[in-house]
Amino acid sequence: MKGFKGLKSLTNNRWRPLLESNNNDIQDVPVLAYDNALTQETLNTHEERGQRSEEQITPPITLQEAAHLLGVAPDALTSEDGPLCSMRPALSAEYHLMQISVDQHFPKTPADVDQNLQRHLLNVQDTVREQLASLDPRLHSEGLIQCYHRRIFEHLDDLLQNISSSQNHLLLMKWVLQTYLSQDLLGHPELQYMDPINKVDLLLFTQWVSRAEEQFLKNVATEITRYLENILQNERSHDAHDELYLDTIQCIDAVPREALKISSKLSDQVQEVCLRELLTFLTRYRDEQTHILAKTAKMDEPETKQFFKTLNNCKELKQHIQTQAMQTEESALKDIMTKAVAMLDNMEAFTLELLMEIVADIAESHLKKYFKSDNREFLHLIDEVKRLFSELSDYQDVQTRVMDEAYKLIAHIYFKRLIKISQRNLKKSWHADVGQEVAKDAEHLHNMISCVVPGVGQWNVMLLKVEELLDCKSLEAMKMTRGPGAPARAAAMEGSFWKGDWGGAECPGGPPWLSTQTHICILFYPVAELLYKGINRNKLRGQISNLILGHKRD
């Protein structure tokens, strides 16, 4: 914690003897930093004010007169129950009268501080200002100002112990830092000739702010933990809204945003507390979703909405945290944010992998039958995939990403199954023109995906090329039709089929679970050459097993 910069101006000649003689005590006072231009300006004004000269001091008055002017009973000093000022070990009778007057006029703590704090602080503010402004000139002593100052901070300590919300902690700290020393109270124009700000106890002020800040941060941690737990509880319920990320973002952003109105340093401290609680929350959320989604994926007819909700929550939370990271220079905050983003990345990858396993199981089940019979299992596959994902348009960005990956995976599984079946057998069960049938399937697949998510990439290119491959009479001629340099490219075609065009612009690679070394695209020319030479299918499978069949998802 940094020092309350504005308070440095109070260390003028009047304070130096105290500060020098108590150096060992002062160095242990926590340093505070608050961005309050109003308080800074108000505290500095005492250096510009002249001290009242000896000639201006009013002659002393009797105790009876003082009691009358202070509005206390004449026998107050003899009352056994009369309160005493604890500011000094030995006090004058006049000072006792001042303390009694302060206690009599000072507002009492409300029964419900949380509900009435703002109104109560306004009452304290008005009462103290009016009492000081209405004092008889003969009682404008330093002792009375300090007595009020001491009483106020004793009262603030009491309020601090009786508030439970971080919002009220901020309200109380804001009142002390921005109102107490402002023109609304000690800096009021009617009190300028008394110079009450010059009589503020520096240590009393800073130590209270330090205690309030420490208690506030503890309260924030407790409060954020409770709120995030409620969000998790709501997520577990069957009636949960699809807005976990919204509730979470509001929870971790609200208090730092309010703290910024007092101090940027305090806001950073609050944000660090919130982010640490977020990490704990994300760990629990990840563990619960891992269990739920893994169990759902094993069902015969899994419901995919929960997968989409999880992916959407991860995406939105990650984007928010990354935006926050770009706006801060605090290394501690950046480190926590990096950990949170990494956790969300892992959760996204796990969820998407489970979804692709569902798609792969469906595709394998239909296509295994499809290439061995004359039924139309491929159309059934398309209908089932469409049913899984078409009703989740509320998650448009996630839907596009998932359908894109599903498209790549289905095309991959189709091609893998295709090259395992004899072309002669396919002609018997399908149609004489196998290439044409494959092209029709490729178009059906693309049309279905495009219908759900318009603008999706064309990941069926390798299937569309099968017809051209089977019709070609010369493999070398086919290579040459691809333009200059095609034979050389044919030797290392990694990634080309995932581009959507053999000579087109670069696009992302295949599914995340398929390494770049095993992209189906690198098989096209080797498989094409083997097919063209009429090599035995069993031998063909053996030769390409290290490239793709070792990674198949049977």
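Structure: see above.
Nothing here was measured: the structure is a model prediction, and the numbers come from that model.

Student: Honestly, the packing of aromatic side chains in this entry has me stumped. Any pointers?
Tutor: When we look at a pair of aromatic rings, we describe it by the centre distance and by the angle of the planes. As enumerated under the stated definition, the model contains 12 aromatic pairs in all. Geometrically, the ring pair formed by phenylalanine 153 and phenylalanine 205 is edge-to-face, given 5.8 Å between the ring centres and 65° between the ring planes. With phenylalanine 153 in helix H7 (residues 142-161) and phenylalanine 205 in helix H9 (residues 202-236), this pair connects stretches of sequence that are 52 residues apart. Using a relative accessible area of 0% as the deciding quantity, one classes phenylalanine 205 as buried. Ring centres 5.3 Å apart and planes at 80° place the aromatic pair phenylalanine 378 and tyrosine 414 in the edge-to-face group. Here phenylalanine 378 is found in helix H14 (residues 377-389), whereas its partner tyrosine 414 is found in helix H15 (residues 396-418), with 36 residues between them in sequence. Put simply, the rings of Phe153, Trp175, Tyr180, Phe205 and Trp208 pair up and form one aromatic cluster. When the ring centre of phenylalanine 106 is taken as origin, the NZ or CZ atom of arginine 151, which lies over that ring, is 4.8 Å away. Sitting above the plane of the tryptophan 459 ring, lysine 408 keeps its charged end 4.6 Å from the centroid.

Student: I would appreciate a short explanation of helix H10 (residues 244-259) in the present structure.
Tutor: An α-helical segment advances 3.6 residues per turn. Residues three or four places apart therefore align on the same side. If you check H10, its first and last C-alpha atoms are 24 Å apart, about what 16 residues at 1.5 Å a residue would give, namely 22 Å. Taking the largest bend as the criterion, H10 deviates by roughly 30°, centred on aspartate 253, and proline proline 256 comes between one and four positions later. Turning to H10, its buried residues number three or more, namely Leu244, Tyr245, Thr248, Ile249, Cys251, Ile252, Asp253, Val255, Pro256 and Ala259. Here the buried face of H10 lies against helix H8 (166-179), H9, helix H11 (264-297) and helix H12 (305-326).

Scoring rules and cut-offs
- Residues numbered from 1 in each chain as written.
- Predicted model: local features only at pLDDT ≥ 70, side-chain atom pairs only at ≥ 80, totals over all residues.
- Heavy atoms only, no water.
- Phe/Tyr/Trp six-rings, centres within 6.5 Å; stacked < 30°, edge-to-face > 60°.
- Helix = DSSP H or I, 4+ residues; strand = E, 2+ residues; numbered from the N terminus.
- Buried < 20%, exposed > 50% of the residue type's maximum accessible area, 1.4 Å probe, protein only.
- Lys NZ or Arg CZ within 6 Å of the ring centre and 35° of its normal.
- Expected span 1.5 Å × (residues − 1).
- Bend = angle between axes of the 7 residues up to and from the residue.
- Contact = heavy atoms within 4.5 Å.

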